[in-house]
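Summary of the model geometry
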Amino acid sequence: MQEIFYEESAGMRNKAPAKRMYTIFTIAGAICLIFAIMSLLFALTSPVGEDGFTRSVVIVLVIWFVLFGVMLFGGIFLLRRRHTFFLEFDYTFVSGELRISKVIHERRRKLLYKIGDEKLIKIGRYGSESYKKLKASPDNREDILTPNNEAAEDKEFFYIQAMTAVGKRILVLECRLQMIYTIVRYMNRNILESEFNRK
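As a starting point, this report considers the structure included with it. (Residues numbered from 1 in each chain as written. Predicted model: local features only at pLDDT ≥ 70, side-chain atom pairs only at ≥ 80, totals over all residues. Heavy atoms only, no water.)

A closer look at helix α4 (residues 177-186)
Considered for burial, the residues of α4 that qualify are Met179, Ile180, Thr182, Ile183, Val184 and Tyr186. Buried residues in α4 make contact with β1 (5-10), β2 (87-94), β3 (97-104), β5 (120-125), β7 (156-164) and β8 (167-175). (Buried < 20%, exposed > 50% of the residue type's maximum accessible area, 1.4 Å probe, protein only. Helix = DSSP H or I, 4+ residues; strand = E, 2+ residues; numbered from the N terminus. Contact = heavy atoms within 4.5 Å.)

Observations regarding the pattern of salt bridges
This model, assessed by the stated rule, comprises eight salt bridges. Among the ionic pairs, Glu142 bridges to Lys135, the shortest N-O distance being 3.4 Å. Close ionic contact of Asp154 with Arg176 constitutes a salt bridge, the shortest N to O distance being 2.8 Å. Taken together, the residues span a long stretch of sequence, with Asp154 in the loop between β6 (141-144) and β7 and Arg176 in the loop between β8 and α4 at a distance of 22 residues. Assessed through its relative accessible area of 46%, Asp154 is described here as partly exposed. Among the charged side chains, a salt-bridge network with shared partners connects Glu8, Asp154 and Arg176. (Salt bridge = Lys/Arg side-chain N within 4 Å of Asp/Glu carboxyl O.)

Description of helix α2 (residues 55-81)
Given 3.6 residues per helical turn, the α-helix brings residues three or four places apart onto the same face. The end-to-end C-alpha distance of α2 is 39 Å, a good match for the 39 Å that 27 residues give at a rise of 1.5 Å each. Residues of α2 that are buried sit in contact with α1 (16-44). (Expected span 1.5 Å × (residues − 1).)

Side note on the sheet that holds β1
In space, the four strands of this open sheet follow the order β1-β2-β3-β4, with antiparallel pairing throughout. Edge positions in the sheet fall to β1 and β4 (108-116), since each has one partner strand and no second. When the angles between neighbouring strand axes are averaged without regard to direction, this sheet yields 15 degrees. Bridging between β1 and β2 involves six bridges; their strand directions are antiparallel. Directly across from Glu8, in β2, lies its bridge partner Tyr91. Sheet strands touched by α4: β1, β2 and β3. Its angle to β2, the strand with the most contacts, is close to 30 degrees. (Pairing = 2+ DSSP bridges. Axes fitted to C-alpha atoms, helices over the stretch in contact; angles between N-to-C directions.)

Digging into unusual backbone geometry
A positive phi is found at His105, a non-glycine position, where the angle reads about 50 degrees. In this fold, His105 is placed in the loop between β3 and β4.

Overview of the packing of aromatic side chains
Counted according to the given criterion, the structure contains ten aromatic pairs. Arranged with centres 4.9 Å apart and planes meeting at 25 degrees, the rings of Phe42 and Trp64 form a pair that is stacked. Note that Phe42 is positioned in helix α1 and Trp64 in helix α2, a separation of 22 residues in sequence. For Phe42, a relative accessible area of 42% corresponds to the partly exposed category. Just above the ring of Phe196 sits the side chain of Arg125; from NZ or CZ to the centre is 4.4 Å. (Phe/Tyr/Trp six-rings, centres within 6.5 Å; stacked < 30°, edge-to-face > 60°. Lys NZ or Arg CZ within 6 Å of the ring centre and 35° of its normal.)

Right under this line is the structure:
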């Protein structure tokens, strides 16, 4: 059988909200780190009375060190999370295998799904009657694999029902019709929903 390779990406159409959240998280993270440094300095320069470490001095030191720990953790968490607002998804179909990856801020790629052709159950249009029936079933979990609420001009939302390592999943993709036809052309069985071509 001929080797088939097809790849698409779903990037963010509107980056303004993501940029805003990135800025907010960056500023908040920097403020947390400044407070962490100030807390540590206050703790290290706290005056110790003639009686040494009395109970009140120990309580003050504990408060400053706890504040330091909380602010340090908060700063690191916010500065790391700021990148997660810039998301893209890559879909790659190589003869018999669909690979879906999440790309965070064009820096880090994380493979989410690697699905062989025998694990693909059904493909259809997002929002169709078949999709609604599958979503209503308790053994199917949905995973939205696009950062957009509206598809790009030359793309549509499709779903792929597949058996994954964590059970049945309804994977929602934003791609061109050509990608769906490429996957279906490779299969030796009909996995398109019955109403797919009625649009």
